[in-house]
Amino acid sequence: MVKDHVLAGVRAAIIDLDGTMLDTVPDFHVAINGMRAEFDLAPISADAIKLMVGKGSENLIRAVLALDFDAAGVEQHFEHAMDAYQRHYLAVNGQYSTLYPDVEAGLAAMKAAGLRLACVTNKPIAFALPLLQQKNLAQYFEIVYGGDSLPQKKPHPMPLLQVCADFDLAPAKVVAIGDSSNDAQAARAAACPVLTVPYGYNHGHSIHDTDSDGIVNTLLEAAHFISMHNRPAY
């Protein structure tokens, strides 16, 4: 359930990308194993990768390398591995990823209700923008920030606070929607209300253990709750 009154007065939404709008693990799987092949390392499973996604590409690649190297080895190989990963990812970006149910319907409903929309992701902006365009989602967003767009990324509140400033709205009027503790922590630190979805990638932890203002099954359900709490009184 969504906590009463936290959505009252909401005028905008900040929506995460990986694990919230799109299941992108299949793209990560292909790109990471392409990188690993260049190091003569065995492929790893999509399930293993799912546990590592969400804190940005640098964290992801270090976690992948740490499966086979000690800390010094990780740093030694990091630059080459990052270059290889980015090359492989750009080659497949969006080819294997799929929309979660009711994502586009949810975004359309939010826009129809007059909400301003931003996408804030820890994915590099060079990956995020083409992916949103390919999946016909870019049209819904006034603002898109990637993990390298600003000096800090989620769970730091900076990207969310930047969107609030861009929209000239108080944080209490801007709801964050995501699939992980990263999104919830960033929202709490920014003083934004936050909704979480029960699917996606939460670093192997149940979303029910995450401090949010409610769990919504889809973005369309999120749109419904936001509208319900913002209907004019007659």
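You'll find the chain entered in an unreviewed UniProt entry as Phosphoglycolate phosphatase, with Janthinobacterium svalbardensis given as the organism. The record held by UniProt for the chain lists under Sequence similarities (unreviewed entry) the comment "Belongs to the HAD-like hydrolase superfamily. CbbY/CbbZ/Gph/YieH family." The Catalytic activity (unreviewed entry) field of the UniProt record for the chain holds the comment "2-phosphoglycolate + H2O = glycolate + phosphate".

Colleague: Help me out: how do you make sense of the nonpolar core in this one?
Modeller: Note on soluble globular proteins: their nonpolar side chains tend to be buried together. Counting 57 residues, the largest nonpolar core has Ile15, Met21, Tyr85, Leu107, Met110 and Phe141 as its most contacted members. In terms of residues, this core owes the most to one element, helix H4 (residues 71-92), which gives 7 residues. Each of domain 1 (12-21 + 100-230) and domain 2 (24-92) accounts for three or more of the residues forming this core. Discounting residues that sit within four places of it in the chain, methionine 21 has contacts with Ile15, Asp16, Thr98, Leu99, Tyr100, Val103, Leu107, Cys119, Leu132, Leu137, Phe141 and Leu219. Among the nonpolar cores identified, the runner-up in size contains 20 residues, and Val120, Cys164, Ala176 and Ala184 belong to it.

Colleague: How should I be thinking about the domain arrangement of the chain in this particular structure?
Modeller: It is common to give the size of an interface as the accessible area that goes away when the parts come together. In terms of domains, the chain is made up of domain 1 (12-21 + 100-230) and domain 2 (24-92). Taking only C-alpha atoms into account, the centre of domain 1 sits 25 Å from that of domain 2. Counting from both sides, the interface comprises 13 residues of domain 1 and, opposite them, 15 residues of domain 2. In this assembly, domain 1 packs against domain 2 so that about 1,200 Å² is buried in total across both faces, 58% of it on carbon and sulfur atoms. Broken down residue by residue, the surface that domain 1 buries against domain 2 is led by Phe127, Tyr201 and His203, which jointly contribute 49%. Run the count over domain 1 and domain 2 and you get 1 salt bridge. A salt bridge links glutamate 58 to lysine 153; the shortest N-O distance between them is 3.6 Å. In terms of residue count, helix H6 (residues 125-134) provides more of the side of domain 1 that touches domain 2 than any other element does, 3 residues in total. Taken together, the residues of the side of domain 1 that touches domain 2 break down into 5 nonpolar, 5 polar and 3 charged.

Colleague: Looking at this structure, how should I read the pairing of strand S6 (residues 174-178)?
Modeller: For a regular strand, the rule is simple: side chains alternate between the two faces of the sheet. A large share of S6 lies buried, amounting to 5 of its 5 residues. Residues Val174, Ala176 and Gly178 of S6 are buried on one face, and the alternating residues Val175 and Ile177, pointing to the opposite face, are buried as well. In this sheet, S6 lies alongside strand S1 (residues 12-15) in parallel orientation, the contact comprising 4 bridges. Bridge pairing links isoleucine 15 to isoleucine 177 in S6. Across 3 bridges, S6 lies against strand S7 (residues 194-196) in parallel orientation. Paired with alanine 176 across the strands is valine 194, a residue of S7. Handedness of the S6-helix H8 (residues 181-190)-S7 crossover: right-handed.

Colleague: Looking at this model, I keep getting lost on the pattern of salt bridges. Mind explaining?
Modeller: In a structure, side chains of opposite charge can pair up when their charged atoms sit close to one another. Summed over the entire model, instances satisfying the criterion amount to 10 salt bridges. The residue lysine 154 makes a salt bridge to aspartate 16 at a minimum N-O spacing of 2.9 Å. Residue lysine 154 is located in the loop between strand S5 (143-145) and helix H7 (158-167), and its partner aspartate 16 is located in the loop between S1 and strand S2 (22-23); the two are separated by 138 residues in the primary sequence. Taken as a pair, lysine 154 and aspartate 16 share a single burial class, namely buried. Connected through salt bridges with shared partners, the residues Asp16, Lys154 and Asp183 form a single ionic network.

What counts as what
- Residues numbered from 1 in each chain as written.
- Predicted model: local features only at pLDDT ≥ 70, side-chain atom pairs only at ≥ 80, totals over all residues.
- Heavy atoms only, no water.
- UniProt positions renumbered as here; feature names shortened; annotations may be inferred.
- Core = buried A, V, L, I, M, F, W, Y, C linked by side-chain atoms within 4.5 Å.
- Buried < 20%, exposed > 50% of the residue type's maximum accessible area, 1.4 Å probe, protein only.
- Helix = DSSP H or I, 4+ residues; strand = E, 2+ residues; numbered from the N terminus.
- Domains from an automatic or database assignment.
- Contact = heavy atoms within 4.5 Å.
- Buried area = accessible area lost by both parts, 1.4 Å probe.
- Salt bridge = Lys/Arg side-chain N within 4 Å of Asp/Glu carboxyl O.
- Nonpolar A, V, L, I, M, F, W, Y, C, P; charged D, E, K, R; others polar.
- Pairing = 2+ DSSP bridges.
- Right-handed = clockwise from strand over helix to strand, strands pointing away.

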